[in-house]
Amino acid sequence: MVIAVSAAVVLQGKVRLPHALISALPFEWNTGLHSQQNVTSGDVNQTSDGVTQTSPGETGQDVSAATSESKQKVTQTPDTKKSVTQIPDTGVQVPETKTSSRQTMDSKKNLSKTQETKNSVTKTTDANNDVTQSGQQSAIPTTEVVVQKSRKTILYICDSFGCGGFADRQKGIVSAYVLAAMLKREFKVHMTVPCNLANFMAPNGTGWRITTEELKRANVHRIRHIDHRGVTYAKELLKKDNLDEEFPHNYTAFTWNMELVQYFREHRLAKQVPWLRDLSVPDVYRFVLDKLFSLKPELQRDLKTLRDSLPKDSKLVCAQVRLGSHGNFKDVKTYYTLEQFPTISDFLKKYNETDRYRFLVTSDSEELVSLTETSFPNRTLKIPGPITHVDKARGANACDGFKKAILDEYALATCDVLVISESGLGKIAAFRRGTDDDLYIFLGSNIEPFKRGSPFPKYKKSWRR
């Protein structure tokens with residue numbers, strides 16, 4: 001499938017693609033593009049999403065507020081791909097002004113207005129037509145001046161087991177990032193089990209990494225709420241008018257694994273963060289995860305290899321099936337069984353009539369993946385690596401299993417047709433995919449159309465929006 005990119009920001013004579021548009025490109029286009037974005041060092045910037053970001057060589061100086069006259073106009077250009085919500089770009093630029101001793105009086109007047117905008121931080125967005133589930137488009141504000149208010153830091157931390165699987169950890173990261181944006185604080189991620197997240201993921205516009213040594217030097221206040229205790233905690237925070245007073249420490253680290261964005265966005269402070277106010281919960285996830293993370297080159301190459309194996313003009317039909325206790329890592333819950341595989345097989349058969357389609361099935365069950373390969377020989381793609389649970393694996397396979405979980409999610413997000421089960425990894429892949437078109441849910445005996453913002457109907461009803 002070809003995606004035509006019709007929006008870019010031109011800064012200082014260079015074309016700058018928005019992060020969200022880069023992430024929407026096929027992998028063979030996307031590889032390396034993130035690394036080409038220019039970053040201005042030596043300044044303390046308030047990013048356009050409300051999270052304070054300190055670049056290398058920070059000076060600690062405050063960023064002054066600009067007047068309303070300094071707001072820049074940005075022309076919106078609609079993207080050509082239908083039904084996919086375009087997430088606003090978050091590039092931050094500090095305008096520079098050059099003066100001349102031979103300027104005319106009119107030039108001096110213009111210069112004085114320009115000087116008012118110097119050292120302000122301007123939020124710029126591109127191609128940000130938010131497509132709702134009803135198909136209507138709602139425009140997101142394209143220009144906003146923001147001011148740095150705090151040098152305190154919010155962290156998501158997972159340095160011991162018990163944080164949950166990869167999807168649970170992403171829910172914790174996004175929820176903590178939203179809170180940091182509401183409080184206008186810096187944001188960091190520290191995840192070291194079963195191995196360091198930085199082995200697989202690199203910063204993509206936000207410097208989220210913090211070392212163990214830095215944490216030891218910092219006075220970190222930790223807050224841990226796992227499972228429904230996290231929801232209870234979020235609801236209690238909604239009753240607090242001044243959240244800044246709730247977190248007085250310079251470093252506040254959260255460990256939680258529930259979807260809390262739907263609660264935090266009800267607080268009055270969320271209304272001051274445009275993307276949090278205007279985007280749906282699925283698109284908040286897509287926006288935040290894209291802003292934070294890009295794959296390391298090794299993983300980008302793995303995904304490119306997968307995509308390159310597709311014949312020209314073919315489409316990828318995918319299914320993500322979590323069995324639970326019947327899977328490889330013996331979950332405590334039983335969701336589905338191998339006896340229900342014919343439901344998946346019958347669905348794929350609808351796309352098996354022509355050579356136009358290829359299949360990718362990911363699962364917690366190696367046996368189910370093998371059944372797919374046997375049923376559809378020469379049509380089935382496979383992501384190599386051991387099938388493990390990120391929070392339960394130990395030993396030599398733990399890191400390779402973590403890598404595979406990441407690759408599974410990123411690959412599923414590129415599928416032309418996607419079937420998910422009641423699994424957080426499948427749901428976040430659907431979030432990142434950016435559209436409800438050709439999205440389905442596997443319910444054991446049947447497969448039904450599904451929307452990203454809908455709750456799971458049977459088991460995991462905490463995903464309410």
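Residues numbered from 1 in each chain as written. Predicted model: local features only at pLDDT ≥ 70, side-chain atom pairs only at ≥ 80, totals over all residues. Heavy atoms only, no water.

## Things to note about the side chain of Asn204
Tracing the chain through its elements places Asn204 in the loop between β12 (201-203) and α5 (212-217). Asn204 gets classed as buried once you look at its relative accessible area, which sits at 2%. (Helix = DSSP H or I, 4+ residues; strand = E, 2+ residues; numbered from the N terminus. Buried < 20%, exposed > 50% of the residue type's maximum accessible area, 1.4 Å probe, protein only.)

## Comments concerning the state of the cysteines
A disulfide bridge is the covalent bond that connects two cysteines by way of their sulfur atoms. Taken as a whole and judged by the stated rule, the model has three disulfides. There is a disulfide in this structure between Cys195 and Cys399, and the S-S distance comes to 2.5 Å. Note that Cys195 is positioned in the loop between β11 (186-191) and β12 and Cys399 in helix α14 (residues 397-412), a separation of 204 residues in sequence. Judged by relative accessible area, Cys399 falls into the partly exposed class, the value being 28%. Between the sulfur of Cys318 and that of Cys415 lies a disulfide, 1.9 Å long from S to S. The sign of the S-S torsion, about -80°, decides the handedness of the disulfide formed by Cys318 and Cys415: left-handed. With Cys318 in strand β16 (residues 315-321) and Cys415 in the loop between α14 and β19 (417-420), this pair connects stretches of sequence that are 97 residues apart. Judged on exposure class, the residue Cys318 and its partner Cys415 are both buried. (Disulfide = S-S within 2.5 Å.)

## Comments concerning the packing of helix α10 (residues 281-292) against helix α15 (residues 424-433)
Interhelical geometry of α10 versus α15 gives an angle of 80° and a closest axis separation of 8 Å. With respect to α15, the axis of α10 lies roughly perpendicular. Contact residues: Pro282, Tyr285, Arg286 and Leu289 in α10; Ile428, Phe431 and Arg432 in α15. (Axes fitted to C-alpha atoms, helices over the stretch in contact; angles between N-to-C directions. Parallel < 35°, antiparallel > 145°, perpendicular 65-115°, else oblique. Contact = heavy atoms within 4.5 Å.)

Distances and angles like these do not, on their own, reveal function.
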